[in-house]
Amino acid sequence: MAHVAATPDKLLPVRHAVSCQYPTLAGLVALAVGAELAISHPTGHGSATVGLLLFGGPVLYVITQAWWYYTSTGQAWGARLLAWLAFTVAGITAVWLPPLVSVLVLDAVLLALVAVLKRVHQRVLASMPTATRP
């Protein structure tokens, strides 16, 4: 909030948020298609297509979020870059893993991301003055 309050253009974060909608949606669609492929053949062979869709969707999602948080608040974006790295490495290894194992790896990375982001956002909220907290 303090970052937004100090910005001369108060609508810039809103414009950035609107700009993020299409990459975010594309990431969610890619994840859904990858999940459908993994669910339809859970014990099959890993493939670049499943890896790209199953992990590329979350990559697009978290990189868009990281950019938005960086440009609008200047906080809470580093954890998303680490998630981007984890999703990228997991997506590369998905070529050699059965789709069911890839989904389990995806779940593990997502749960770790949720735990880290909870701590990050609690720390951000704790550092805010009481009057500006949501």
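Since the structure is predicted, the reported quantities are computational estimates derived from the model, not experimental observations.

**Student:** Explanation requested: the packing of aromatic side chains in the structure shown.
**Tutor:** Taken as a whole and judged by the stated rule, the model has two aromatic pairs. Ring centres of Tyr70 and Trp77 lie 4.9 Å apart, and the angle between their planes is 80°; on these two criteria the pair is classed as edge-to-face.

**Student:** When you look at the packing of helix 5 (residues 78–93) against helix 6 (residues 99–127) in this model, what are you seeing that I'm missing?
**Tutor:** Each pair of packed helices gets described by two things: the angle between the helix axes and the distance between those axes. Put simply, helix 5 and helix 6 touch, their axes get as near as 10 Å, and they point 175° apart. Of the possible angle classes, the one that applies to helix 5 and helix 6 is roughly antiparallel. Each of Ala79, Arg80, Ala83, Ala86, Phe87 and Ala90 in helix 5 lies in contact with helix 6, whose residues at this interface are Val105, Leu106, Val109, Leu110, Leu113, Val116, Leu117, Val120 and His121. Split into classes, the residues belonging to the contact of helix 5 with helix 6 amount to 13 nonpolar, one polar and one charged.

**Student:** Is there a simple way to explain the packing of helix 3 (residues 21–40) against helix 4 (residues 48–72) in this structure?
**Tutor:** Between helix 3 and helix 4, the least distance of the axes is 7 Å, while the angle of their chain directions is 155°. By the angle class used here, helix 3 and helix 4 are roughly antiparallel. Considering only the axes of helix 3 and helix 4, their crossing is left-handed. On helix 4, the residues that touch Pro23, Thr24, Ala26, Gly27, Leu28, Ala30, Leu31, Val33, Gly34, Ala35, Leu37 and Ala38 of helix 3 are Thr49, Val50, Leu53, Leu54, Gly57, Pro58, Leu60, Tyr61 and Thr64. Each residue belonging to the contact of helix 3 with helix 4 can be placed in one class, and the counts come to 15 nonpolar, six polar and no charged.

**Student:** Please explain helix 4 as it appears in this structure.
**Tutor:** For an α-helix, the turn length of 3.6 residues means that residues three or four places apart are oriented alike. Helix length check: helix 4 (25 residues) gives 34 Å between terminal C-alpha atoms against 36 Å at 1.5 Å per residue, within 8%. Of all bends in helix 4, the biggest is about 30°, found at Gly56, and the proline Pro58 comes one to four residues later. Buried residues of helix 4: Val50, Gly51, Leu54, Phe55, Gly57, Pro58, Val59, Val62, Thr64, Ala66, Tyr69 and Ser72, and no others. Of the residues one or two after helix 4, Gly74 is the one with positive phi, at around 75°.

Definitions and cut-offs
Within any chain, residue numbers begin from 1 and follow the written order of that chain's sequence. Local features in a predicted model are, by the rule used here, given only for residues with pLDDT of at least 70; side-chain atom pairs are given and counted only at 80 or more, and totals for whole chains, interfaces and linings are based on all residues. Each side-chain value is worked out from all heavy atoms of the structure, with water and hydrogens disregarded. Here a Phe, Tyr or Trp ring, Trp counted by its six-membered ring, pairs with any other such ring whose centre lies within 6.5 Å, and the pair is stacked when the planes are under 30 degrees apart, edge-to-face when over 60, and tilted otherwise. Here, axes are lines fitted to C-alpha atoms. For helices the fit covers the stretch in contact, and angles between N-to-C directions go from 0 to 180 degrees. In DSSP terms, a helix is any run of H or I states spanning at least four residues, a strand is any run of E spanning at least two, and both are numbered starting from the N terminus. In this scheme, roughly parallel covers angles under 35 degrees and roughly antiparallel covers those over 145, while 65 to 115 is roughly perpendicular and the rest are oblique. We call two residues in contact whenever any of their non-hydrogen atoms come within 4.5 Å of each other. Think of it as three bins: nonpolar holds Ala, Val, Leu, Ile, Met, Phe, Trp, Tyr, Cys and Pro, charged holds Asp, Glu, Lys and Arg, and polar takes everything else, Gly as well. Here a crossing is taken to be left-handed if its near helix is turned anticlockwise relative to the far helix by less than a right angle, and right-handed if that turn runs clockwise. By definition here, a helix of n residues has an expected span of 1.5 Å times n minus one. The angle between axes fitted to the seven-residue stretch ending at a residue and the seven-residue stretch beginning at it gives the bend at that residue. Only protein chains enter the area calculation, which uses a 1.4 Å probe; residues under 20% of their type maximum are buried, those over 50% are exposed, and those in between are partly exposed.

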